[in-house]
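# Chains, contacts and geometry: an overview
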Amino acid sequence: MHKTFNLQIPSGMKDLLPDEARKKRNLENVLIAKFLDWSYQEVITPVLEYYDHLVPAETPDDQFFKLIDRRGNILALRTDMTTPIARMVSTRFSPEQYPLRLFYLSNVFRYENPQMGRQREFYQAGVELIGESGPAADAEAIALAAECLREAQLKGFQISIGHIDFFRGIVNELDVEAGVKERIIRSVAEKDFVELEILLETYRVNAEMKSLILSLPSIRGDISVVEKAEKLIKNPMAKAALENLRQVFQLLRVYGVDQDVFVDFGIMRDFDYYSGIVFEGYSPGVGVPICGGGRYDHLLGQYGSEAPATGFAIGIERLMLALEKQKPQAKPFLTIALPKGKLGSEAIQALKDVGYPTAGLETDSRKLLFSYPEHRVRYIVCRPTDVPTYVDYGAADIGMVGKDSLVESNKDVFELVDLKFGLCRFVVAVPEQVAENLADGDGKVALSHFNHARVATKFPRVAETFFRDQGIQVEVVKLHGNIELAPMVNLAELIVDIVSSGATLKENNLVPIADIFPATARLIANRVSYRMKHRQVQELAEKLRDFTGNGGGRACENQ
Ligand SMILES: Nc1ncnc2c1ncn2[C@@H]1O[C@H](COP(=O)(O)OP(=O)(O)OP(=O)(O)O)[C@@H](O)[C@H]1O
Ligand SMILES: O=P(O)(O)OC[C@H]1O[C@H](OP(=O)(O)OP(=O)(O)O)[C@H](O)[C@@H]1O
């Protein structure tokens, strides 16, 4: 009898058959020719390195594939090429050899959730320009990125450039503690504008600064927005950042790529890694950036030889996807993902209130797609928990979704507006009897009674994070609904769920013993739609923000 093998390949990895491999190689040849043309030399580094040497590229979500060698050393697959090249340059070159113009074309590995345009093994083509500070080097990197995309025959792409110090400078000016400044910066880096607004309100940032900070991510357009921004700010660090942007832009004009490049103060790439100009490239129809880069003057110092540096990486698979998708388009549709159920009805009402087409639109019918061609708007109706996924993939430009589903999904999307409806709260609940038995003198039940207990929930991420923060170890049992059943049949001792009226808990003899956080509906946007369809996205965001009485910053748009 033949042994049957499981011949699958690991998730997020891919075989390339001849047709696809040929297309990839042709594209790579175009990019390599361009790099050589611009006097960049190829370097190759090992695919495996000591984990500690790659850690400057570490992200909070640890995306490394790791393994242990026979001596017990931890090795890891590279997650990008900048870090190995910084290690190599620090150890194999001397500053007299600077500036170095290096390029690579390599596979890199990241342990993340695979989806369209996001794999665990993927190829990057990129350059590092090491040993040069100043606008000429930044402009060279951006111009070369634009030239590569042009040479690859990509139409309608856009490169957005921002500056890390612009936002940092403005935040430094605030009269709040350092920890709060970091939280403000983090909320912007995570694109969570709702959290940003809450922080500015909580820490009583004055009205003028608040409105300035809230408007920053929307300040975008050609170089004239730099002049507009100059009038708004006084901070020297932010002013220097604007001057830097202006000089880079002038040089981009000389390179003849300025029409592909936009200033965008919403580009906030990793604040710990980048130190100056940052940029991303987008293409219509692809919901994730196709390239990214910027100045990173502090990385080489971590390997012992301080040197300014700038560079970028193009994602080969994403560029191939963008090339496949490019076709001439009329004014694009704005696709909005709506959740089924009660939240969906409230979302429809909100859209109607701000004048969006909703005739015949229902979230509880069998029809899942509603199109309004005369308004260039279309809605897709999906399960609430799927809304962030559709938006993250770029299958929808915008979504309306509960903060509960959003937090649980952990997707990389813009969180634009707190829509204020659909209020519920996350709670930990236990059977009444258990609560009665464990209650202290004030009627409270300490969570410490539940160390090593089982928690049933639809929201494992929320539950795990909450109990971890409380220092309590639990085993999370993921269910898809009717969580209240779990304690009744001894599947779990506790539940973590959302509560709205409280009726479901009551009917099932459960009582809340701890609040986790409240959640309302949010307007979210895809990262690329937020830039490539900015006017349409911003128009809806502002209408909804005004309607829900949020106030907030105004865009100073010039595109
Ligand atoms: N998981 C992935 N799968 C395919 N391509 C990727 C992936 N992650 C990054 N890339 C490509 O590599 C380029 C440069 O990588 P970089 O580290 O700057 O990306 P990132 O900003 O961390 O990733 P993302 O764009 O997914 O947020 C990206 O612009 C993208 O084209
Ligand atoms: O406090 P209440 O107003 O009673 O609402 C709470 C209920 O609503 C949510 O479930 P949902 O209706 O989404 O159904 P599901 O459990 O089947 O997912 C939640 O999981 C509770 O079961």
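Note that the structure is predicted; figures quoted are calculated from it, not measured.

A tally of regular secondary structure across the protein chain gives 20 helices and 24 strands. At 25 Å, the protein chain has a C-alpha radius of gyration in line with the 24 Å of a compact globule built from 559 residues. Referenced to the eigenvectors of the C-alpha coordinate spread, the extents of the protein chain come out at roughly 75 × 65 × 55 Å. Residues counted as buried form 55% of the 559 residues belonging to the protein chain. Long-range contacts, defined here as pairs at least 24 residues apart, represent 69% of the contacts in the protein chain between residues at least 6 apart. Taken together, the 66 basic and 76 acidic charged side chains of the protein chain have centroids lying 4 Å from each other.

Okay, the pattern of salt bridges next. Between side chains of opposite charge, a pair can form when the charged atoms approach closely. Tallied over the full model, the rule gives 34 salt bridges. A salt bridge links Arg-522 to Glu-415, with the shortest nitrogen-to-oxygen separation between them at 2.7 Å. Linking Arg-522 in strand β23 (residues 521-525) with Glu-415 in strand β17 (residues 414-418), this pair joins segments that are 107 residues apart in sequence. Judged by its relative accessible area of 6%, Glu-415 falls in the buried class. Between Arg-425 and Asp-515 there is a salt bridge, with the nearest N and O atoms lying 2.8 Å from each other. Here Asp-515 lies in strand β22 (residues 510-519) and Arg-425 lies in strand β18 (residues 424-431), a separation of 90 residues in the sequence.

A few words on the site of ligand 1. Around ligand 1 sit 16 residues, and of these Arg-110, Glu-112, Arg-118, Arg-269 and Arg-318 come closest. In this structure, Glu-112 approaches ligand 1 through a side-chain N or O atom, which is 2.4 Å from a nitrogen atom. Interatomic distance of 2.9 Å between a backbone N/O atom of Ile-290 and an oxygen atom of ligand 1. Of all the elements in the fold, those that place two or more residues in the shell around ligand 1 are β6 (121-130), β11 (291-295) and β12 (309-315).

Attention shifts here to the site of ligand 2. Near ligand 2 you find Lys-458, Gly-481, Asn-482, Glu-484, Asp-497, Ile-498, Val-499, Ser-500, Ser-501, Gly-502, Ala-503 and Thr-504, and these make up its full shell. Take Ser-501: an N or O atom from its side chain is 2.6 Å from an oxygen atom of ligand 2. In isolation ligand 2 exposes 500 Å². Once the protein is present, 64% of that is buried. A total of three residues in the shell around ligand 2 trace back to one element, the largest contributor, which is strand β21 (residues 494-499).

This paragraph deals with the packing of aromatic side chains. The way to describe two aromatic rings as a pair is by their centre distance and the angle between their planes. Considering all chains together, one arrives at 16 aromatic pairs under this definition. Between the aromatic rings of Tyr-51 and Phe-64, the centroid separation amounts to 5.4 Å while the plane-to-plane angle is 90°, which identifies the pairing as edge-to-face. Here Tyr-51, found in helix α2 (residues 51-54), pairs with Phe-64, found in the loop between α2 and β3 (66-68); they are 13 residues apart in sequence, far enough to count as distant. For Tyr-51, a relative accessible area of 13% puts it in the buried group. Residue class for Phe-64 comes out buried when judged on its relative accessible area of 7%. When the ring of Phe-426 is compared with that of Phe-517, the centres are 4.8 Å apart and the planes differ by 55°; the resulting orientation is tilted. Taken together, the positions of Phe-426 in strand β18 and Phe-517 in strand β22 put the pair 91 residues apart, joining distant regions of the chain. Given the relative accessible area of 0%, Phe-426 is considered buried. Every member of this aromatic cluster is reached through a ring pair, and the members are Phe-35, Phe-103, Phe-279 and Phe-312. Just above the ring of Tyr-123 sits the side chain of Lys-24; from NZ or CZ to the centre is 3.6 Å.

For helix α1 (residues 18-37), spanning 20 residues, the distance from its first C-alpha to its last is 28 Å, which sits close to the expected 28 Å at 1.5 Å a residue. Lys-24, Leu-27, Glu-28, Leu-31, Lys-34 and Phe-35 are the residues of α1 that are buried. Projection of α1 onto a plane perpendicular to its axis shows the buried side chains occupying an angular sector of 115°, all on one side. In this structure, α1 carries Pro-18, Leu-36 and Asp-37 as exposed residues pointing more than 90 degrees from its buried face.

This part takes up the domain arrangement of the protein chain. Segmenting the protein chain into domains produces domain 1 (18-164 + 260-325), domain 2 (334-420 + 526-558) and domain 3 (424-519). One C-alpha centre belongs to domain 1, the other to domain 3; they are set 44 Å apart.

Hydrogen bonding along the main chain pairs the strands of a sheet, whether they run parallel or antiparallel. Taken in spatial order, the five strands make up an open sheet running β20-β19-β21-β18-β22, and their pairing is mixed. In the strand order of this sheet, the two ends are held by β20 (475-478) and β22, each with one partner. The mean angle between the axes of side-by-side strands here comes to 25°, regardless of whether they run parallel or antiparallel. As paired elements, strand β19 (residues 454-457) and β20 share four bridges and run parallel to each other. Along β20, the bridge assignment pairs Val-455 with Val-476. Together, β18, β19, β20, β21 and β22 form the strand contacts of helix α16 (residues 460-469), whose direction differs from that of β22 by roughly 100°.

Moving on: the packing of helix α7 (residues 193-202) against helix α8 (residues 207-215). Following both chains from N to C, one finds α7 and α8 inclined at 170°, their axes separated by 10 Å at the closest point. Judged by the angle between their axes, α7 and α8 are roughly antiparallel. From α7, Phe-193, Leu-196, Glu-197, Leu-200 and Glu-201 reach across to α8, where they touch Lys-210, Ile-213 and Leu-214. The class makeup of the residues in the contact of α7 with α8 is five nonpolar, no polar and three charged.

Within the open sheet, the three strands sit side by side as β2-β4-β3. Their pairing is antiparallel. The sheet terminates laterally at β2 (48-50) and β3, the two strands that pair on one side only. Going from strand to strand, the sheet's axes swing by 35° on average, the running direction of each strand aside. Across three bridges, the pairing between β3 and strand β4 (residues 74-77) is antiparallel.

Rules used throughout
Sequence order as written defines residue numbering, which begins from 1 separately in each chain. Naming scheme: in the order in which they are written, chains are lettered from A and ligands are numbered from 1. In keeping with the model being predicted, local features are shown solely for residues with a pLDDT of at least 70 and side-chain atom pairs are shown and tallied solely at 80 or more, while totals for entire chains, interfaces and linings include all residues. To obtain the side-chain values, all non-hydrogen atoms of the structure were used and water was disregarded. Segments assigned H or I by DSSP are reported as helices when at least four residues long, segments assigned E as strands when at least two residues long, and all are numbered from the N terminus. Based on C-alpha atoms, the radius of gyration is set beside the globule rule, defined as 2.2 Å times the residue count to the power 0.38. Throughout this description, buried means an accessible area under 20% of the type-specific maximum (1.4 Å probe, protein chains only), exposed means over 50%, and partly exposed covers the range between. Two residues qualify as a contact provided that any one of their heavy atoms is within 4.5 Å of a heavy atom in the partner residue. Only four residue types enter the tally: Lys and Arg on the positive side, Asp and Glu on the negative side, with His and both chain ends excluded. Charge coordinates come from a single atom per side chain, which is NZ of Lys, CZ of Arg, CG of Asp or CD of Glu. Salt bridges are defined by distance alone: a side-chain nitrogen of Lys or Arg within 4 Å of a carboxyl oxygen of Asp or Glu. We call a residue near a molecule or strand when any one of its heavy atoms sits within 4 Å of it. Two N or O atoms form a polar contact when they lie within 3.5 Å of each other; inside protein one atom must be a possible hydrogen donor and the other a possible acceptor, and for residues adjacent in sequence the pair counts only when both atoms belong to side chains. Shrake-Rupley sampling with a 1.4 Å probe provides the accessible areas, and residues are treated as covered by the protein chains on show and by no other component. Whether two aromatic rings pair depends on their centres lying within 6.5 Å, for rings of Phe, Tyr and Trp, where Trp uses its six-membered ring; planes under 30 degrees apart make the pair stacked, over 60 edge-to-face, and the rest tilted. Think of it as a cone above the ring: NZ of Lys or CZ of Arg counts as a charge over the ring if it is within 6 Å of the ring centre and within 35 degrees of the ring normal. To estimate the expected span of a helix, count its residues, drop one, and scale the result by 1.5 Å. Think of the arc as the fan of directions from the helix axis to the C-beta atoms. Here the bounds of each domain stem from an automatic or database domain assignment. Here, a strand pair is defined by DSSP locating no fewer than two bridges between the strands. Only the stretch in contact is used when fitting a helix axis, every axis being a line fitted to C-alpha atoms; angles between N-to-C directions are given from 0 to 180 degrees. Note that the term roughly parallel is reserved for angles under 35 degrees, roughly antiparallel for angles over 145, roughly perpendicular for angles of 65 to 115, and oblique for everything else. Residues are grouped as follows: nonpolar covers Ala, Val, Leu, Ile, Met, Phe, Trp, Tyr, Cys and Pro; charged covers Asp, Glu, Lys and Arg; every other residue, Gly included, is treated as polar.

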